[in-house]
Amino acid sequence: MNLDRIYMDNAATTAVSPIVLEKMLPYFTEIYGNASSIHGTGREARKALEDARRRVAAVLNCKPNELYFTSGGSESDNWAIKGIAFANRKRGNHIITSSIEHHAVLHTCQWLEKQGFTVTYLPVDEFGRVSVKDVEAAITDQTILISVMAANNEIGTLQPIREIAKVAKQHKVYFHTDAVQAIGAIPIDVQEIGCDMLSLSGHKFHGPKGVGALYIRQGTRIDPFMHGGAQERGKRATTENIPGIIGLATAIELATENLEEKSARISSMRDQLIDQLTALPYVRLNGHRTERLPNNVNISVRFVEGEALLLRLDLAGIAASSGSACTSGSLDPSHVLLAIGLPHEIAHGSLRLSLSDTTKQEDIDYVLSVLPGIIDDLRAMSPLYHDFMEANK
Amino acid sequence: MYSEKVMDHFSNPRNVGEIPDADGVGTVGNAKCGDIMRMYLKVDENGVITDVKFKTFGCGAAIATSSMATEMVKGKTLKEALKLTNAAVAEALDGLPPVKMHCSLLAEEAVKAAVEDYMKKHPEAVID
């Protein structure tokens, strides 16, 4: 039994880096002031908050006053979409997004449909890519917002966000991108991308949970999200989560430092997994082979169900994830896998392994030594595999 | 989320495999929903299930309920096997999460389908 657990679910969440934690700790007990207070304790907190804002803004290449701290990626997505929708309702009521967005975007759009907005959910190709032509063709005189993610959380596909931003600008439509999976994995510069809003979440890059940020380009017409005090320049009430914000700022700096070098190391481990796993019979790669996050592996193992794979991997000390219905809590497998055209039975057999900077070569070797045997075992008890082999004798 | 018994039957499933000259075979479920169970029965002249094997495509609960159901009907008469309920299978596994109760139902249905197949192939057999 391997007692060192191998964590291959970094797209779900990551471990807080010890450096990040160390930087956060004084803000719980020593510099604990309310950043809105006028006294010295409060001013210290305010200074830390604004310093963190400057540091995150420097990483994203925006002005500090274009950066708003939130409670996480879901809040940032909710705010961007609802905030634009309600502030620009007089201009139009149409929103364009893709069919493979995170639920924080999709369910927000579905809710807006109930409020009288119309939403176009663009299809994707077999690799999960949105077509820029489709985006442009969907724009009407009523369109106020386009929201397309930078990189997909399940299959890791990178979207042509720079081209979409260009189209949005030409048509004077706001463009939001959910970059929750992209930060710390690929270079993200809001000026270079040309987006008007960008969501990010601390815990996806070794920062703490419960803290995120939304970049909002200066001049963007957007409603406040949380009503109350004057925090975040009156746009997002609630006493600022200073320890979390310090954690996020430290984590984003660490995550984007030597990014090219780190990505090269992680993607070489990703490629070993992809190459060796897809060399197994009836295993396919989901997502794009090259236009993909450096840390994402997503495969479909035919004749096997995803949750069974996860449980067997867990027993072997490996934490992974699946898009099978059994793990999604619904009867249908993941909307992303169905959108790329996978039949239900193949989508049920999906497995996502997501790496991080802390993944070691030994971890990859161990996964590759264990997973093929698990697949064989589960196939040996699968009536689907039995029938397929009988039919192809 | 699973009981120790479920994990035990999932990681060491009993009676996995097939019976090439089975007297009755039943397959239930469909791949679209993510579960298929197949049960193979060997039945003696007294209507007693002398051997049972299964093959299952499905989640942890689907595999564990198949395994438990085979244990519960092995050595039983066909009449007794037909009385197997999904609740009894779930209970024998120390319970299942609510969203997984359909797996136990599938196990019950797989046993019934295999017995029905036996009856079809052996019209002379009487279950009383």
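One can find the structure itself at the top, above this paragraph.
Below, the structure is looked at part by part.

Parameters at a glance
- Residues numbered from 1 in each chain as written.
- Chains lettered and ligands numbered in written order.
- Predicted model: local features only at pLDDT ≥ 70, side-chain atom pairs only at ≥ 80, totals over all residues.
- Heavy atoms only, no water.
- Helix = DSSP H or I, 4+ residues; strand = E, 2+ residues; numbered from the N terminus.
- Expected span 1.5 Å × (residues − 1).
- Buried < 20%, exposed > 50% of the residue type's maximum accessible area, 1.4 Å probe, protein only.
- Axes fitted to C-alpha atoms, helices over the stretch in contact; angles between N-to-C directions.
- Parallel < 35°, antiparallel > 145°, perpendicular 65-115°, else oblique.
- Contact = heavy atoms within 4.5 Å.
- Nonpolar A, V, L, I, M, F, W, Y, C, P; charged D, E, K, R; others polar.
- Buried area = accessible area lost by both parts, 1.4 Å probe.
- Salt bridge = Lys/Arg side-chain N within 4 Å of Asp/Glu carboxyl O.
- Polar contact = N/O pair within 3.5 Å; in protein donor to acceptor, adjacent residues only side chain to side chain.

1. Examining helix α4 (residues 73-87) of chain A
If you check α4 of chain A, its first and last C-alpha atoms are 21 Å apart, about what 15 residues at 1.5 Å a residue would give, namely 21 Å. Here α4 of chain A lies mainly inside the structure; 13 of its 15 residues are buried.

2. Things to note about the packing of helix α1 (residues 4-11) of chain B against helix α2 (residues 60-73) of chain B
All names here are of chain B. Their axes nearest at 8 Å, the elements α1 and α2 cross at an angle of 85°. As judged from the angle between their axes, α1 and α2 are roughly perpendicular. Judged by residue contacts, Lys5, Val6, His9 and Phe10 of α1 engage Gly60, Ile63, Ala64, Ser67, Met68 and Glu71 from α2. Considered class by class, the residues forming the contact of α1 with α2 number five nonpolar, three polar and two charged.

3. What about the interface of chain A and chain B?
Each partner contributes residues to the interface: chain A has 20 residues there, and chain B has 24 residues. Between chain A and chain B, the buried area comes to about 1900 Å², and carbon and sulfur atoms account for 69% of it. Our count for the contact surface shared by chain A and chain B stands at two salt bridges. Between aspartate 387 of chain A and arginine 38 of chain B there is a salt bridge, with its nearest N and O atoms 2.6 Å apart. Linking chain A with chain B are eleven residue pairs in polar contact (both at pLDDT 80 or more), by the criterion used here. Elements supplying a minimum of two residues to the side of chain A that touches chain B: α11 (306-315), α14 (344-347), α15 (361-380) and α16 (383-391) of chain A. The element that contributes the greatest number of residues to the side of chain A that touches chain B is α11 of chain A, accounting for five residues. Among the residues forming the side of chain A that touches chain B, the class breakdown is eleven nonpolar, four polar and five charged.

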